[in-house]
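# Per-entry structural report
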Amino acid sequence: MVQALNSALDVMLARDPDVLIFGEDVGYFGGVFRVTDGLQKKHGLTRCFDAPIAEGGIVAAAIGMGAYGLRPVVEIQFADYIYPAYDQLVSEAARLRYRSAGDFFAPLTVRTPYGGGIFGGQTHSQSPEALFTHVAGLKTVVPSNPHDAKGLLIAAIEDDDPVMFFEPKRLYNGPFDGWHDKPVEPWSKHPASDVPEGHYVVPLGKAAIARAGADVTILAYGTMVHVALAAAAHAEVDAEVIDLRTLVPLDLESIVASVEKTGRCVIVHEATRTSGFGAELAALVQEHCFYALEAPIARVAGWDTPYPHAFEWEYFPGPKRVADALRAVMAA
Amino acid sequence: MTNATKLSLHVPAPKARPGDPVDFSPLTPPPAGALGRPDIAVHAEDTRDHARGLIRVLNDEGEAVGAWNPRLNAEVLREGLRAMMLTRAFDDRMFRMQRQGKTSFYMKCTGEEAVACAAALALPRDDMCFPTYRQQGMLIARAYPLVRMMNHIYSNAADPNRGRQMPVHYTAKAYGFFSISGNLATQFPQAVGWAMASAYKGDTRIATAYIGDGSTSEGDFHQALTFASVYRAPVILNIVNNQWAISSFQGFAGAGESTFAARGLGYGLPSLRVDGNDFLAVFAATQWAAERARANLGATVIEHYTYRAAPHSTSDDPTRYRPAEEAEKWPLGDPIERLKKHLIARGEWSEAKHKALDKQVVEEVRAAGKESEAIGTLGQSRPSVKEMFEDVYKDQPWHLRRQRQELGV
């Protein structure tokens with residue numbers, strides 16, 4: 001997945017001279033997760049460079065660049081570090097087009113690794129996507145595999161609205177399915193690791209069916225897509241796993257079509273449960289599929305605590321917890 | 001331990017609050033023309049005196065003196081004078097209109113007109129200015145239609161902001177005027193980003209940013225200076241020190257211990273402190289900083305030392321927090337009066353012409369007012385309610401389309 005993201009950036013740097021990349025450690029070193037590895041050397045110092053440790057300044061500078069006419073792609077090293085930039089994203093990037101009635105807009109892409117499973121404790125494991133899906137004017141994208149990661153990132157960079165691009169860092173090096181005591185297979189053995197060279201787009205706002213099934217719909221994104229698949233296998237349930245890919249704008253049609261077919265819905269995310277994006281999904285499923293539902297909607301999420309270090313696997317909503325929810329929903 | 005000093009918390013206070021006598025004698029301005037005009041390739045450390053002193057061109061006799069005299073021809077000066085007078089007349093009318101209930105809110109820049117008007121004339125309009133809500137003089141100096149400004153203030157059917165922003169939050173890309181946010185300081189680092197983009201593209205345009213004395217406390221200010229310094233961005237970073245942030249005196253932004261301009265020195269940025277009520281000094285400092293930026297020498301910090309003679313906005317009463325006579329006792333005088341005196345001293349202006357111009361600008365504002373009010377004041381007319389759901393994204397997503405349908409518009 002790291003290589004796929006790197007390839008997306010490489011393709012866009014080569015295609016569009018208005019694309020540039022900056023962030024903490026992304027230049028010479030190539031990023032702490034290696035996503036920008038080699039890009040400075042290949043494309044030049046001003047195309048991919050290091051930034052001061054000032055997330056607010058990074059996003060603010062990107063907004064100014066976007067208003068000028070560039071397509072900046074910035075990296076916030078961990079989603080946990082994004083809060084100093086929150087005002088610039090919420091009050092500025094998200095509303096520039098609206099408040100100026102289209103006189104100005106800032107097409108920036110904010111890439112940031114999120115999520116747990118890496119023993120990062122409370123400052124390297126958070127999933128703050130709901131803080132951004134709540135903001136009018138931002139788009140929020142979460143890929144779950146290399147193929148989508150590249151196509152979605154290219155779509156995000158080419159999009160004329162500001163896009164929050166959350167990279168599931170536990171998936172960088174393999175499709176981690178939540179069975180933390182088993183070795184993770186490398187991406188090379190996964191069908192979605194077949195990443196075309198060159199330019200292609202996975203459109204924003206379109207979900208994918210990660211697994212077709214008849215009995216229950218699982219709504220997931222990022223790492224939890226793989227956990228959902230593992231949970232379905234573990235519970236021996238014929239689940240349909242919807243990989244949302246984009247949270248805003250959301251592909252409601254795909255969700256409704258699936259839940260109307262299965263009559264059951266389990267929503268999973270790593271982020272804390274209260275006011276998590278699952279709450280929005282549950283409300284939408286209830287509004288649009290109420291008469292098709294045969295069981296209450298279930299949510300499996302991170303607990304409403306900070307992400308703890310020593311209790312990583314009790315916190316992480318792994319396949320066992322998801323499987324329990326599937327069984328409960330099937331029994332209802 | 002027993003000999004340890006007992007600590008005490010310092011909370012700063014201004015010299016005078018309502019009812020106290022006003023004594024500005026410690027602020028007695030240094031003579032005009034005293035500071036030299038350094039080469040644009042100057043090192044930040046060699047602008048120490050400029051960051052702590054005060055660059056002034058106009059002396060008490062109205063003469064332009066010293067190395068910073070921009071030697072402008074009378075035509076430019078008359079244009080500047082007119083822009084400042086028109087701005088003041090515009091402010092007076094719109095403040096009155098708010099009081100008459102014709103709009104919700106207004107902010108004047110009375111006493112600080114030179115800061116925006118001089119910069120507007122010193123820079124081409126294809127440079128990008130990231131203003132605060134008190135740089136309306138920049139639009140007016142560039143002949144932006146007053147009617148359009150009013151249409152925005154009234155949120156009427158012709159509002160260029162389509163009814164989405166509270167009054168005085170203009171946007172005018174074609175005039176080199178970035179959309180005003182209303183959140184303080186946020187646009188300071190954005191201007192640096194714009195300037196970085198211009199440099200990245202090998203363009204010749206520069207950016208200019210404005211911030212108030214109070215909001216230099218925000219992190220955005222410091223990030224802007226860091227980025228400007230690190231990337232040698234072609235940007236002019238203007239701090240308008242008008243002494244008051246609503247009711248908080250500049251001491252709450254740390255002015256008691258240093259000057260705002262001197263902040264720039266710590267970032268390695270050449271920094272100037274300028275008499276903000278001196279049109280010529282503001283013009284000259286802006287020109288110098290623009291020359292530096294265009295020569296790829298990077299950013300300049302300019303503190304414009306001025307006084308907010310008006311309330312912060314229509315929502316506050318300054319007599320509740322500062323002595324009413326402060327404005328008239330302000331030792332740097334009034335920018336309009338000072339430029340007028342200079343033009344008269346040069347034999348390029350007269351009391352009679354000034355009076356006539358004063359009448360003319362008031363009439364111009366009145367005529368624009370009538371035109372805008374015919375379209376509607378607040379509540380009388382407004383853009384289509386559909387506009388509420390437009391421009392959130394470039395293309396309207398399904399959920400906003402549904403919400404618009406739910407509202408029935």
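Residues numbered from 1 in each chain as written. Chains lettered and ligands numbered in written order. Predicted model: local features only at pLDDT ≥ 70, side-chain atom pairs only at ≥ 80, totals over all residues. Heavy atoms only, no water.

### Let's talk about the overall build of chain A
Note the cut-off: In this description a helix means any DSSP run of H or I spanning at least four residues, a strand means any run of E spanning at least two, and both kinds are numbered starting from the N terminus. Note on method: radius of gyration uses C-alpha positions; expected globular size equals 2.2 Å times residues raised to 0.38. When accessible area is computed with a 1.4 Å probe and restricted to protein chains, residues below 20% of their type maximum are described as buried, those above 50% as exposed, and intermediate ones as partly exposed. Contact criterion: two residues are considered in contact whenever any of their non-hydrogen atoms come within 4.5 Å of each other. For the area figures, the Shrake-Rupley method with a 1.4 Å probe applies, and any residue is considered shielded solely by the protein chains shown.
Tallying secondary structure elements over chain A gives 12 helices and 12 strands in all. Since a compact globule built from 332 residues should have a radius of gyration of about 20 Å, the 19 Å found for chain A is in line with a globular shape. By principal-axis analysis of the C-alpha atoms, chain A measures approximately 60 × 45 × 35 Å. Counting all 332 residues of chain A, 65% fall into the buried class. Of the contacts formed within chain A by residues at least 6 apart in sequence, a portion of 78% connects residues at least 24 apart. As displayed, chain A has an accessible area near 11700 Å², and 54% of this comes from carbon and sulfur atoms.

### Some points on the overall build of chain B
Of the regular secondary structure elements, chain B holds 13 helices and 7 strands. In terms of C-alpha radius of gyration, chain B reaches 22 Å, essentially the compact-globule figure of 22 Å for 409 residues. Counting only C-alpha atoms and orienting by the principal axes, one finds that chain B spans roughly 70 × 65 × 55 Å. Within chain B, the proportion of its 409 residues that are buried is 58%.

### Looking at the interface of chain B and chain A
The following threshold applies: The term buried area means the drop in 1.4 Å probe accessible area that two parts suffer when joined, counted for both and summed. The working definition used for a salt bridge is a side-chain nitrogen of Lys or Arg within 4 Å of a carboxyl oxygen of Asp or Glu. N or O atoms closer than or at 3.5 Å make up a polar contact, with two conditions inside protein: a donor-capable atom paired with an acceptor-capable one, and, for residues adjacent in sequence, both atoms drawn from side chains. Note that Gly is not counted as nonpolar here; it falls among the polar residues with everything else outside the nonpolar set of Ala, Val, Leu, Ile, Met, Phe, Trp, Tyr, Cys and Pro and the charged set of Asp, Glu, Lys and Arg.
Taken together, the contact pairs 45 residues of chain B with 49 residues of chain A. Carbon and sulfur atoms make up 61% of the area that chain B and chain A hide from each other, which totals about 3600 Å². Between Lys 201 of chain B and Asp 18 of chain A there is a salt bridge, with its nearest N and O atoms 2.5 Å apart. The interface formed by chain B and chain A includes 28 residue pairs in polar contact (both at pLDDT 80 or more). Elements that contribute at least two residues to the side of chain B that touches chain A include exactly α6 (187-200), α7 (219-230) and α13 (398-407) of chain B. Top contributing element to the side of chain B that touches chain A by residue count: α6 of chain B, with 9 residues. Partitioning the side of chain B that touches chain A into residue classes produces 19 nonpolar, 14 polar and 12 charged.

### Concerning a nonpolar patch on the surface
Inclusion rule: Like charges are joined within 9 Å and nonpolar side chains (Val, Leu, Ile, Met, Phe, Trp, Tyr) within 5 Å, but only among residues with over 30% relative accessible area and no salt bridge; these make up the patches.
Residues Tyr 28, Phe 29 and Val 32 of chain A make up a contiguous nonpolar surface patch of about 370 Å² in total accessible area. Within the secondary structure layout, Tyr 28 of chain A lies in the loop between β1 (19-23) and α2 (39-43).

### Comments concerning the nonpolar core
Put simply, the test is: What we call a nonpolar core is a set of buried Ala, Val, Leu, Ile, Met, Phe, Trp, Tyr and Cys residues that are connected through their side-chain atoms within 4.5 Å. Source of the domain bounds: an automatic or database domain assignment.
By size, the foremost hydrophobic cluster in this structure holds 84 residues, and its most contacted members are Phe 22, Leu 89, Leu 219 and Leu 244 of chain A together with Val 192, Val 235 and Leu 237 of chain B. Of the domains in this structure, domain 1 (2-193) and domain 2 (208-331) of chain A are the two that each give at least three residues to this core. Not counting residues up to four positions away in its chain, the partners in contact with Val 235 of chain B are Ala 191, Val 192, Ala 195, Ala 207, Thr 208, Ala 228, Ala 293, Gly 298, Ala 299 and Thr 300 of chain B. In terms of nonpolar packing, the next biggest core, distinct from the first, is built from 77 residues, Ala 83, Met 138, Ile 302 and Val 365 of chain B among them.

### Topic: the domain arrangement of chain A
Residues and elements named next belong to chain A. The assigned domain composition of chain A is domain 1 (2-193) and domain 2 (208-331). Using C-alpha coordinates to define each centre, domain 1 is positioned 25 Å away from domain 2. On the side of domain 2, 29 residues touch domain 1, which itself brings 35 residues to the contact. Taken over both partners, the interface formed by domain 1 and domain 2 buries close to 2600 Å², and the fraction arising from carbon and sulfur atoms is 63%.

### A few points about unusual backbone geometry
All names here are of chain A. The residue after Val 248, namely Pro 249, is reached through a cis peptide bond having omega -5 degrees. By the secondary structure assignment, Pro 249 is in the loop between β10 (246-248) and α9 (252-262). Positive phi is not limited to glycine here, since Asp 25 has a value of about 65 degrees. With respect to the secondary-structure elements, Asp 25 resides in the loop between β1 and α2.

### Looking at the sheet that holds strand β3 (residues 235-241) of chain B
Residues and elements named next belong to chain B. The condition is simple: DSSP calls a pair of strands paired once it identifies at least 2 bridges connecting them. Structural elements are reduced to axes, namely lines fitted to C-alpha atoms, with helices fitted over the stretch in contact, and the angle between N-to-C directions of any two is expressed from 0 to 180 degrees.
Judged by pairing direction, the sheet is parallel, and its 5 strands sit side by side in the order β1-β2-β3-β7-β6 without closing on themselves. The open sheet has two edge strands with one neighbour each: β1 (128-130) and β6 (271-275). Each strand of the sheet is rotated relative to its neighbour by a mean of 20 degrees, with strand direction disregarded. Both strand β2 (residues 207-212) and β3 contribute to a ladder of 6 bridges, which runs parallel. Residue pairing in the sheet places Ala 207 in a bridge with Val 235 of β3. Together, β1, β2 and β3 form the strand contacts of α6, whose direction differs from that of β2 by roughly 170 degrees.

### A word on the pattern of salt bridges
Residues and elements named next belong to chain A. By the definition in use, this model includes 38 salt bridges over all chains. Salt-bridge contacts for Arg 99 lead to Glu 92; the nearest nitrogen and oxygen are separated by 3.2 Å. Residues Arg 99 and Glu 92 agree in their burial class; the two are buried.

### Side note on the pairing of β2 of chain B
Operational definition: Call a crossover right-handed when, viewed with both strands pointing away from you, the route from the first strand across the helix to the second goes clockwise.
Burial runs high along β2 of chain B: 5 of the 6 residues are buried. The parallel pair β2 of chain B and β3 of chain B, bridged by α7 of chain B, forms a crossover whose chirality is right-handed.

### Some thoughts on the packing of aromatic side chains
How two aromatic rings sit relative to each other is given by the distance of their centres and the angle of their planes. The criterion, for reference: Only Phe, Tyr and Trp rings take part, Trp by its six-membered ring, and two of them pair if their centres are within 6.5 Å. Stacked means planes under 30 degrees apart, edge-to-face means over 60, and tilted covers everything else. The rule is short: NZ of Lys or CZ of Arg within 6 Å of the ring centre and within 35 degrees of the ring normal puts a charge over the ring.
Throughout the structure, instances matching the rule amount to 29 aromatic pairs over all chains. Both rings, one in Tyr 68 of chain A and one in Trp 194 of chain B, keep their centres 4.9 Å apart while their planes meet at 70 degrees; by these two values the pair is edge-to-face. Here the residue Tyr 68 of chain A occupies a position in helix α3 (residues 55-68), and Trp 194 of chain B occupies one in helix α6, the pair thus bridging two chains. Both residues of the pair, Tyr 68 of chain A and Trp 194 of chain B, belong to the buried class. Grouping aromatic residues by their ring pairs yields a cluster made of Phe 22 and Phe 49 of chain A together with Phe 227 and Tyr 231 of chain B. The side chain of Arg 170 of chain A reaches across the aromatic face of Phe 176 of chain A, ending 3.7 Å from its centre. For the cation-ring pair, Arg 37 of chain B lies above Trp 68 of chain B, with the distance from its terminal atom to the ring centre recorded as 5.6 Å.

### Some remarks on the pairing of strand β11 (residues 265-272) of chain A
All names here are of chain A. Of all 8 residues in β11, 7 are buried, a share of seventy percent or more. With 3 bridges connecting them, strand β8 (residues 216-220) and β11 associate as parallel partners. Directly across from Ile 218, in β11, lies its bridge partner Val 266. Two strands pair when backbone bridges link them, and β11 and strand β12 (residues 298-302) are joined in this way by 4 bridges, in the parallel orientation. Within the sheet, the bridge partner assigned to Val 268 lies in β12 and is Val 300.

### Focus: the sheet that holds strand β9 (residues 239-243) of chain A
Within a sheet, adjacent strands bond to each other through the backbone by hydrogen bonds, running parallel or antiparallel. All names here are of chain A. On the basis of which strands lie adjacent, the open sheet formed by 5 strands has the order β7-β9-β8-β11-β12 and mixed pairing. Pairing within the sheet leaves two strands with one partner each, and these edge strands are β7 (208-211) and β12. Strand-to-strand twist in this sheet, taken as the mean axis angle between neighbours without regard to direction, amounts to 25 degrees. Lying over the sheet, helix α8 (residues 223-235) contacts β7, β8, β9 and β11, oriented at roughly 175 degrees with respect to β9. The strands touched by helix α12 (residues 319-331) within the sheet are β8, β11 and β12, with β12 carrying the most contacts at an inclination of about 170 degrees.

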